[in-house]
Amino acid sequence: MFLFDTCPKRIRIFIIAGLLLPALVLRADSTDFTTDSSENINLALRRTADGLLRASGDSTSRIPIVEQVKEGVWQVRLERDFRYEQLPFLLQASLDLYGIQQAYRVKIRNCEDSLIVLGYHQSDFLNENQVPCQGRELPDACRYIEISFIGERKSSSAGPMKLAWVLFVLMGLVSLWFYKKHKPIRETQEKPTEPDGLTFGHSKLDVENQILICGDQRQTLTFRETKLLKLLATNPNQLLERDLILQEVWADEGILVGRSLDVFVSRLRKKLSIDSSLSITSIHGIGYRLECKTV
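Scoring rules and cut-offs
Residues numbered from 1 in each chain as written. Predicted model: local features only at pLDDT ≥ 70, side-chain atom pairs only at ≥ 80, totals over all residues. Heavy atoms only, no water. Pairing = 2+ DSSP bridges. Helix = DSSP H or I, 4+ residues; strand = E, 2+ residues; numbered from the N terminus. Disulfide = S-S within 2.5 Å. Patch = residues over 30% accessible without salt bridge, like charges linked within 9 Å, V, L, I, M, F, W, Y side chains within 5 Å. Areas by Shrake-Rupley, 256 points an atom, 1.4 Å probe, with all protein chains shown as cover. Salt bridge = Lys/Arg side-chain N within 4 Å of Asp/Glu carboxyl O. Contact = heavy atoms within 4.5 Å. Buried < 20%, exposed > 50% of the residue type's maximum accessible area, 1.4 Å probe, protein only.

### A word on the pairing of strand E8 (residues 211-214)
Sheet analysis places strand E7 (residues 203-206) next to E8, joined by four bridges and oriented antiparallel. What sits directly across from Asp 206, in E8, is Ile 211. Counted between consecutive antiparallel strands, the loop separating E7 from E8 contains four residues, among which Gln 210 sits at a positive phi close to 55°. As paired elements, E8 and strand E9 (residues 217-220) share four bridges and run antiparallel to each other. Note that in E9 the partner of Leu 212 across the bridge is Gln 219. Between the antiparallel neighbours E8 and E9 lie two residues, among them Gly 215 with a positive phi of about 65°.

Laid out in structure tokens, this is it:
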């Protein structure tokens with residue numbers, strides 16, 4: 001979880017997508033009978049039952065209810081006898097009409113004891129255009145036509161499963177590539193910013209924390225003192241005119257007070273007095289200069 005939390009947002013999105021994609025693919029290509037396919041099977045069997053009844057001379061009886069007795073198995077009950085040799089043609093034509101492509105087995109059961117009296121495999125009809133026991137007469141009785149769909153789980157799930165895992169691996173590789181590509185940038189961005197240290201003479205100015213370090217002594221400066229000393233230290237041994245100093249250090253106050261500059265220079269002189277390599281000199285009427293004897 002720690003590694004996941006430290007990943008950039010875009011990488012986390014790729015990882016989540018990689019984990020969810022196989023499930024979505026498998027769900028989309030699931031071999032379980034959906035509502036639409038179940039309804040189509042129901043309609044196909046009702047059409048078959050209607051064709052058998054009409055072939056037997058019955059065009060008025062109500063079409064029996066089609067029941068799903070268990071997963072992949074449907075039954076329709078016919079109270080009167082029907083011509084068994086017509087069943088394979090009618091059933092296959094009905095399934096084709098409704099787009100049912102799964103392989104299946106057919107069983108004819110007695111209503112009273114559920115014993116199987118006839119049956120065939122779809123391949124019997126497709127390969128030979130006929131089924132076992134075709135043409136044999138059966139006594140009038142109530143019977144169930146039962147159709148069991150077979151092999152759909154194995155045949156239809158293997159492809160989606162392989163595809164899902166291939167996509168999962170690809171998403172993982174893409175995520176790893178993005179993570180490695182952006183990790184150095186992220187580490188650079190998150191690296192703490194070092195204090196803005198400015199060295200001059202034997203002293204150092206920590207601008208961020210407003211601290212003047214002279215040897216082993218640390219002195220806290222005000223915001224304005226820090227700005228003034230930074231301006232002087234970044235231009236060592238250079239004469240800076242008063243107007244320039246006032247503009248750079250006090251312009252944000254909206255009012256430029258010349259006397260303020262003299263006061264702050266006096267404060268800095270005292271704080272820099274412990275560093276013999278530094279001194280602030282003034283040129284009357286012109287400006288100030290920070291003289292550094294050694295660097």
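### With respect to the state of the cysteines
Covalent bonding between the sulfur atoms of two cysteines is what defines a disulfide. In the structure shown here, the tally under the stated rule is one disulfide. Residue Cys 111 pairs covalently with Cys 142 via a disulfide, S to S 2.1 Å. For the disulfide bridge between Cys 111 and Cys 142, the dihedral angle about the S-S bond is near -70°, and by the sign convention the bridge is left-handed. Here the residue Cys 111 occupies a position in the loop between strand E3 (103-110) and strand E4 (116-121), and Cys 142 occupies one in the loop between helix H5 (122-128) and strand E5 (143-150), the gap between them amounting to 31 residues.

### Details of the pairing of strand E11 (residues 278-283)
Here six bridges tie E11 to strand E12 (residues 287-292), and the two strands are oriented antiparallel to one another. Counted as the bridge partner of Leu 278 is Cys 292 from E12.

### A word on a nonpolar patch on the surface
Together, Val 166, Val 169, Leu 170 and Leu 173 make up a nonpolar patch on the protein surface, roughly 350 Å² of accessible area in all. Looking at the secondary structure, you find Leu 173 in helix H6 (residues 152-190).

### A look at the side chain of Ser 148
Tracing the sequence through the fold places Ser 148 in strand E5. In contact with Ser 148, not counting residues within four places along its chain, are Gly 72, Val 73, Ala 103, Tyr 104 and Arg 105.

### Describing the pattern of salt bridges
By the definition in use, this model includes eight salt bridges. Residue Arg 54 pairs with Asp 50 through a salt bridge whose shortest N-O separation is 3.1 Å. Of this pair, Arg 54 and Asp 50 both sit in helix H3 (residues 35-55), separated by four residues, roughly a single helical turn. What makes Arg 54 partly exposed here is its relative accessible area of 49%. For Asp 50, a relative accessible area of 26% puts it in the partly exposed group. Between Arg 242 and Asp 262 there is a salt bridge, with its nearest N and O atoms 2.9 Å apart. Taken together, the residues Arg 242 in helix H8 (residues 242-250) and Asp 262 in helix H9 (residues 258-272) connect sequence positions 20 residues apart.

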